[in-house]
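Architecture at a glance
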Amino acid sequence: AQSVTQLGSHVSVSEGALVLLRCNYSSSVPPYLFWYVQYPNQGLQLLLKYTSAATLVKGINGFEAEFKKSETSFHLTKPSAHMSDAAEYFCAVTGMDSSYKLIFGSGTRLLVRP
Amino acid sequence: NAGVTQTPKFRVLKTGQSMTLLCAQDMNHEYMYWYRQDPGMGLRLIHYSVGEGTTAKGEVPDGYNVSRLKKQNFLLGLESAAPSQTSVYFCASRSGGSYEQYFGPGTRLTVT
């Protein structure tokens, strides 16, 4: 069965610093992986997705993630944090039953300090 | 192109009351999903539909019912609300050719 673990429920960085949000997955088949962002009181917006093409995936707002099969990881990074990046970030993997539901991690709240 | 819309945005119910949440999508997507979001737990699947007239249970279906009479609409019903159903509910849809899901803005439900 697929599962997702996000290490760190809260991450705090200074504006301009590197952002690193960690995601590890468990899957018995080649996974499809996603990062979503949720701003306060809003829905989920897709940041980027891995669908078995390039292992380094670029997304919106300067974010990127690297798929590492050997480490079963899909960490999200951004070279320089901006105040507007403060939000909650969810890593998800596609379930491979008939629903093809998204299986989410518990989320990481990113705080950006001025 | 509105994407995925949800009504209402907020609702407060008393225990035992019933209500229906409406999800609509204008992307002609086959698959539609209802998730609930609770603090520290990510999103969990309640029910889903793979096409008009079909529905199936997800991880946490108890206390909920769904219907998909039209391809563009997916309704989530609570027959007798309980405080444990206090949550934020998200609808999502996707096409059959992609695993990417598109989410609505959510409905915040409080059951007192």
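Before reading on, note that the structure itself is shown above.
Scoring rules and cut-offs
- Residues numbered from 1 in each chain as written.
- Chains lettered and ligands numbered in written order.
- Predicted model: local features only at pLDDT ≥ 70, side-chain atom pairs only at ≥ 80, totals over all residues.
- Heavy atoms only, no water.
- Core = buried A, V, L, I, M, F, W, Y, C linked by side-chain atoms within 4.5 Å.
- Buried < 20%, exposed > 50% of the residue type's maximum accessible area, 1.4 Å probe, protein only.
- Helix = DSSP H or I, 4+ residues; strand = E, 2+ residues; numbered from the N terminus.
- Contact = heavy atoms within 4.5 Å.
- Phe/Tyr/Trp six-rings, centres within 6.5 Å; stacked < 30°, edge-to-face > 60°.
- Lys NZ or Arg CZ within 6 Å of the ring centre and 35° of its normal.
- Pairing = 2+ DSSP bridges.
- Axes fitted to C-alpha atoms, helices over the stretch in contact; angles between N-to-C directions.
- Buried area = accessible area lost by both parts, 1.4 Å probe.
- Salt bridge = Lys/Arg side-chain N within 4 Å of Asp/Glu carboxyl O.
- Polar contact = N/O pair within 3.5 Å; in protein donor to acceptor, adjacent residues only side chain to side chain.

In this section: the nonpolar core. Residues and elements named next belong to chain A. Ranked by internal contacts, the top residues of the largest apolar core, which has 28 residues, are Trp35, Leu48, Phe74, Leu76 and Tyr89. Of all the elements in the fold, those that place two or more residues in this core are strand 2 (10-14), strand 3 (19-26), strand 4 (33-38), strand 5 (44-50), strand 7 (64-68), strand 8 (73-78), strand 9 (87-94) and strand 11 (108-113). Dropping the residues within four chain positions of it, Leu48 is found in contact with Leu33, Phe34, Trp35, Val57, Lys58, Gly59, Phe63, Glu64, Ala65, Phe74 and Leu76.

What follows concerns the packing of aromatic side chains. Residue and element names in this part refer to chain B. As enumerated under the stated definition, the model contains 18 aromatic pairs over all chains in all. For the pair Tyr33 and Tyr35, a centre-to-centre distance of 6.0 Å together with 25° between the ring planes defines the contact as stacked. Take Tyr33: its relative accessible area is 0%, and that puts it in the buried class. A cation over a ring is seen here: Arg94 above Tyr31, with NZ or CZ 3.7 Å from the ring centre.

Residues and elements named next belong to chain A. The buried fraction of strand 9 amounts to eight of the eight residues, a majority that puts the element mostly inside the structure. Neither face of strand 9 is exposed, since Ala87, Tyr89, Cys91 and Val93 on one face and Glu88, Phe90, Ala92 and Thr94 on the opposite face are all buried. As judged from the six bridges shared by strand 4 and strand 9, these two strands associate in the antiparallel manner. Its bridge partner being in strand 9, Leu33 is matched across the sheet by Val93. Pairing analysis gives three bridges linking strand 9 to strand 11, with the strands arranged antiparallel. From the neighbouring strand, Ala87 faces strand 11, where its bridge partner is Leu110. In this structure, strand 9 lies alongside strand 10 (residues 102-104), joined through three bridges in antiparallel fashion. Bridge pairing in strand 10 links Val93 to Ile103.

Moving on, we get to the sheet that holds strand 3 (residues 19-25) of chain B. All names here are of chain B. Read from one edge of the open sheet, four strands run 1-3-8-7, paired in antiparallel fashion. With one partner strand each, in any of the chains shown, strand 1 (4-7) and strand 7 (64-67) form the two edges of the open sheet. Between one strand and the next, the sheet's axes are offset by a mean angle of 20°, whatever the strand orientation. Direction of pairing for strand 7 relative to strand 8 (residues 73-78): antiparallel, over a ladder of four bridges.

Taken together, the contacts link 20 residues of chain A with 21 residues of chain B. Taking both sides of the interface into account, the surface hidden between chain A and chain B amounts to around 1700 Å²; carbon and sulfur atoms contribute 58%. Counting across the chain A and chain B interface gives one salt bridge. Here Lys49 of chain A ties to Glu100 of chain B by a salt bridge, and the two come within 2.8 Å at their closest N and O atoms. Our enumeration of links across chain A and chain B arrives at eight residue pairs in polar contact (both at pLDDT 80 or more).

This part covers the environment of Phe103 of chain B. Counting through the fold element by element, Phe103 of chain B comes out in strand 10 (residues 102-103). When the C-alpha atoms of Phe103 of chain B and Gly3 of chain B are compared, they prove to be 8.3 Å apart, with 100 residues separating the residues in sequence. Ignoring anything within four residues of it in the chain, the contact list for Phe103 of chain B reads Tyr36, Leu44, Leu102 and Phe104 of chain A together with Val4, Tyr35, Leu43, Phe90, Cys91 and Ala92 of chain B.

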